[in-house]
Amino acid sequence: MHHPQEPPSGIHPLLAGRFSPYRFDPSTVVDDHALGLLLEAVRWAPSAGNSQPWGFFTSRPGELEHDRVLPHLAPSSARWATDASLLVVTLTRRHVDDTQLLYSEFADYDLGQAIAHMTVQAQAMGLAAHQFRAFDLEGLTKELDPNPGWAIVSMVAVGKAVGGAPEGRARHSVAHLRSAPWSPVE
Ligand SMILES: Cc1cc2nc3c(=O)[nH]c(=O)nc-3n(C[C@H](O)[C@H](O)[C@H](O)COP(=O)(O)O)c2cc1C
């Protein structure tokens, strides 16, 4: 993998400045208006056949919902996600309504794209998002008990980042992205 690099000039500042923080300011509040905007950003994301196969459970410190989610964080994510101003549990619906299809191959793809939109919207609002899978999926699914067809996929911690991007963020090169899926020419 290519080692520490900065995004080049020409990349939009909202993308170049984005990173997943490991420290959040616990005094920051994501109010209802801000939460609404983050969810609007999701709402307007594209999806296969406009299926919008996503759903969310949101919780903020002080809300009863927060107490339902916190116990299911893994120790690794609890260290920083507890201080976030908003925790979003993301769910996908892989079942396709009104068709013979039992499974949408694009449901998780669409959810990921929707969360990318939320992440950029957060960045534009002076917030930062850290997506994570370090939680007890089984325990959280039991706790939230989503309807049949819905599956929890990930969580997103949103808040004001403390400090800058972690050191040593590495990325594959652009050349790698274009060559990796194929065997080298003999
Ligand atoms: C689906 C998904 C799951 C992730 N799970 C975790 C996680 O469990 N713990 C963690 O610290 N970061 C997690 N991350 C964050 C990635 O490690 C991070 O995005 C990656 O290292 C690149 O760093 P950057 O976001 O700062 O550019 C996850 C990100 C995604 C998109």
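Residues numbered from 1 in each chain as written. Predicted model: local features only at pLDDT ≥ 70, side-chain atom pairs only at ≥ 80, totals over all residues.

- As annotated in an unreviewed UniProt entry, the protein chain carries the name Nitroreductase and is attributed to Streptomyces variegatus.
- In its Sequence similarities (unreviewed entry) section, UniProt records this for the protein chain: "Belongs to the nitroreductase family." (UniProt positions renumbered as here; feature names shortened; annotations may be inferred.)

1. Some details on the environment of W54
And step 1. Note on placement: W54 falls in strand 1 (residues 54–59).
And step 2. Taking the number of C-beta atoms within 10 Å as the measure of exposure, W54 has 23 and is therefore buried.
And step 3. Residues W54 and D108 lie 54 residues apart in sequence; the distance between their C-alpha atoms is 8.6 Å.
And step 4. Leave out the neighbours within four places in its chain, and W54 touches V42, T90, L91, T92, D110, L111 and A114. (Helix = DSSP H or I, 4+ residues; strand = E, 2+ residues; numbered from the N terminus. Buried ≥ 20, exposed ≤ 12 C-beta atoms within 10 Å, placed from the backbone. Contact = placed C-beta atoms within 7 Å.)

2. A few points about the site of the ligand
And step 1. Neighbouring the ligand are the residues F19, S20, S77, Q131, F132, R133, A134, S154 and R169.
And step 2. When grouped by side-chain class, the residues that make up the shell around the ligand number 3 nonpolar, 4 polar and 2 charged. (Near = placed C-beta within 6 Å. Nonpolar A, V, L, I, M, F, W, Y, C, P; charged D, E, K, R; others polar.)

3. So, the packing of helix 2 (residues 32–43) against helix 5 (residues 107–124)
Packed helix pairs are specified by the crossing angle of their axes together with the interaxial distance, meaning the distance between the axes.
And step 1. In contact at an axis separation of 8 Å, helix 2 and helix 5 are set at 140° when each is read in the N-to-C sense. The orientation of helix 2 relative to helix 5 falls into the category oblique. For the pair helix 2 and helix 5, the sense of crossing is right-handed. Contacts from L37, L38, A41 and V42 of helix 2 reach helix 5 at A114, H117, M118, Q121 and A122.
And step 2. In terms of residue class, the contact of helix 2 with helix 5 is made up of 7 nonpolar, 2 polar and no charged. (Axes fitted to C-alpha atoms, helices over the stretch in contact; angles between N-to-C directions. Parallel < 35°, antiparallel > 145°, perpendicular 65-115°, else oblique. Left-handed = near helix turned anticlockwise from the far one by under 90°.)

4. Concerning the environment of A34
And step 1. Relative to the helices and strands, A34 is located in helix 2.
And step 2. The class of A34 is partly exposed, set by 19 C-beta atoms lying within 10 Å.
And step 3. Counting along the chain gives 119 residues from A34 to V153, while the straight-line C-alpha distance between them is 23 Å.

5. Quick look at the pairing of strand 2 (residues 86–93)
And step 1. For strand 2, a buried count of 8 out of 8 residues is recorded, marking the element as mostly surrounded by other parts of the structure.
And step 2. Residue alternation in strand 2 divides its side chains into two sets, L86, V88, T90 and T92 and L87, V89, L91 and R93, and both sets are buried.
And step 3. With 6 bridges connecting them, strand 1 and strand 2 associate as antiparallel partners. Looking across to strand 2, one finds that F57 is bridged to V89. (Pairing = 2+ DSSP bridges.)

6. Observations concerning the nonpolar core
And step 1. Core analysis: the largest hydrophobic core is formed by 32 residues, its most contacted members being L87, M118, V156, A157 and V158.
And step 2. Taken together, the elements giving at least two residues each to this core come down to helix 2, strand 2, helix 5, strand 3 (128–132) and strand 4 (150–159).
And step 3. It is helix 5 that provides the largest number of residues to this core, a total of 6 residues.
And step 4. When near neighbours in sequence (up to four residues on either side) are disregarded, A157 contacts F24, W80, A81, A84, L87, A129, H130 and F132. (Core = buried A, V, L, I, M, F, W, Y, C linked by C-beta atoms within 7 Å.)

7. Considering the sheet that holds strand 3
And step 1. What the 4 strands build is an open sheet, ordered 1-2-4-3; its pairing is antiparallel. Looking along the sheet, the strands with just one partner apiece sit at the ends: strand 1 and strand 3. Recorded for the sheet is a direction-independent mean angle of 25° between the axes of neighbouring strands.
And step 2. Pairing between strand 2 and strand 4: 8 bridges, direction antiparallel. Its bridge partner lying in strand 4, T90 is registered against S154.

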